[in-house]
Amino acid sequence: MKLTTKRFILRDFSDNDLPEFLAYHADPRLRELYGPGENTPEHAAELVQLFKAWAAEEPRQNYQLAIIRLDGPLVGCAGLRMKDAAPGEAELGIELAPEYWGQFGYAVEIMKCLVDYGFSNFGLAQIIGSTVSENTKIARLASAFGATAIERDTPAWMAAKGWRQIEWQISRSKWSERPSNGRL
């Protein structure tokens, strides 16, 4: 699978992506956002293998794609996952290497691409996402998309840090109501 935006190619993972994926997963700022046992190099390598396995499934229900800048480097991953979601729903996730957090409008461009693709190609009624309460950048982005936020049961490791688990949701109708002026 391959999607293209103004600055990125979103495509299935290959073994060649592993070194860059491991490198940004080693950053303590990103590792802090993972739960116990999930913030290791081994877990990061297992994720790439999982993403590759999803790409080979028939019928395919999960799309976790490498985000490649047109000038070459891997800057993160993003995807739509429908396998464990309610019918007509997908979970959207985006992860950028910490050096790209809050800069350049990368997340806006990537999320818009995936939300458009999800509603246009999968007949989805709703797209959801999950984040920690401390991730204010995602909260602002989800709000700009017209999403609503709902607090969910918080895993113990998040609660120990004083965080809460937040789910944001956007319906197809809400997405189609947004201004078509080139902005979200």
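Residues numbered from 1 in each chain as written. Predicted model: local features only at pLDDT ≥ 70, side-chain atom pairs only at ≥ 80, totals over all residues. Heavy atoms only, no water.

Caption draft 1: Seen up close, the overall build of the protein chain. In terms of regular secondary structure, the protein chain is built from 7 helices and 8 strands. Taken over 184 residues, the protein chain has a buried fraction of 43%. Nonlocal contacts in the protein chain, meaning residues at least 24 apart in sequence, comprise 61% of its contacts between residues at least 6 apart. On the protein chain, roughly 9,600 Å² of surface is accessible, and the fraction owed to carbon and sulfur atoms is 51%. (Helix = DSSP H or I, 4+ residues; strand = E, 2+ residues; numbered from the N terminus. Buried < 20%, exposed > 50% of the residue type's maximum accessible area, 1.4 Å probe, protein only. Contact = heavy atoms within 4.5 Å. Areas by Shrake-Rupley, 256 points an atom, 1.4 Å probe, with all protein chains shown as cover.)

Caption draft 2: Quick peek at the packing of helix α1 (residues 18–25) against helix α3 (residues 41–56). Running from N to C, α1 and α3 cross one another at 140°; their axes reach a closest spacing of 9 Å. Taken together, the axes of α1 and α3 are oblique relative to one another. In the packing of α1 onto α3, the handedness of the crossing is right-handed. Counted together, Leu 18, Phe 21, Leu 22 and His 25 of α1 and Pro 41, Ala 44, Ala 45, Leu 47, Val 48 and Phe 51 of α3 form the full contact between these two elements. Residue composition of the contact of α1 with α3, grouped by class: 9 nonpolar, 1 polar and no charged. (Axes fitted to C-alpha atoms, helices over the stretch in contact; angles between N-to-C directions. Parallel < 35°, antiparallel > 145°, perpendicular 65-115°, else oblique. Left-handed = near helix turned anticlockwise from the far one by under 90°. Nonpolar A, V, L, I, M, F, W, Y, C, P; charged D, E, K, R; others polar.)

Caption draft 3: Local environment of α1. Three or more residues of α1 are buried, namely Phe 21, Tyr 24 and His 25. For α1, the angular spread of buried residues about the axis comes to 105°, placing them on one side. The exposed residues of α1 that point more than 90 degrees off its buried face are Pro 19 and Ala 23. Those residues of α1 that are buried are in contact with α2 (28–31), α3, β4 (74–81) and β5 (89–96). (Arc of directions from axis to C-beta.)

Caption draft 4: Inspection of the pattern of salt bridges at higher detail. For the structure shown, the criterion picks out 8 salt bridges. With its nearest N and O atoms 2.6 Å apart, the salt bridge here joins Arg 60 to Asp 12. Of this pair, Arg 60 sits in the loop between α3 and β3 (62–69) while Asp 12 sits in strand β2 (residues 8–12), and the two are 48 residues apart along the sequence. Note on Asp 12: relative accessible area 19%, which makes it buried. (Salt bridge = Lys/Arg side-chain N within 4 Å of Asp/Glu carboxyl O.)

Caption draft 5: Spatial organisation of the pairing of β4. In terms of burial, β4 is largely enclosed, as 8 of its 8 residues are buried. Strand direction decides the pairing type here: β3 and β4, joined by 7 bridges, are antiparallel. Bridging across to β4, Ile 67 finds its partner in Gly 76. Hairpin connection of β3 to β4: 4 residues between the antiparallel strands, including Gly 72 at a positive phi of 125°. As defined by bridge partners, β4 adjoins β5 across 6 bridges and the pair is classed as antiparallel. The residue of β5 that forms the bridge with Ala 78 is Ile 94. (Pairing = 2+ DSSP bridges.)

Caption draft 6: The nonpolar core, seen in detail. Counting residues in each nonpolar core, the largest one holds 45 residues, and the members touching the most others are Phe 21, Ile 110 and Ile 127. Excluding its chain neighbours within four sequence positions, the residues that come into contact with Ile 127 are Leu 80, Ala 90, Leu 92, Val 115, Gly 118, Phe 119, Trp 168, Gln 169 and Ile 170. (Core = buried A, V, L, I, M, F, W, Y, C linked by side-chain atoms within 4.5 Å.)

Caption draft 7: Here's a closer look at the side chain of Gln 64. Residue placement: Gln 64 occurs in strand β3. A relative accessible area of 5% places Gln 64 in the buried class. Of the polar contacts made by the side chain of Gln 64, one reaches the side chain of Arg 81; its length is 2.5 Å. When sequence neighbours within four positions are dropped, the list of residues in contact with Gln 64 reads Phe 13, Phe 51, Trp 54, Cys 77, Ala 78, Gly 79, Arg 81 and Gly 93. (Polar contact = N/O pair within 3.5 Å; in protein donor to acceptor, adjacent residues only side chain to side chain.)

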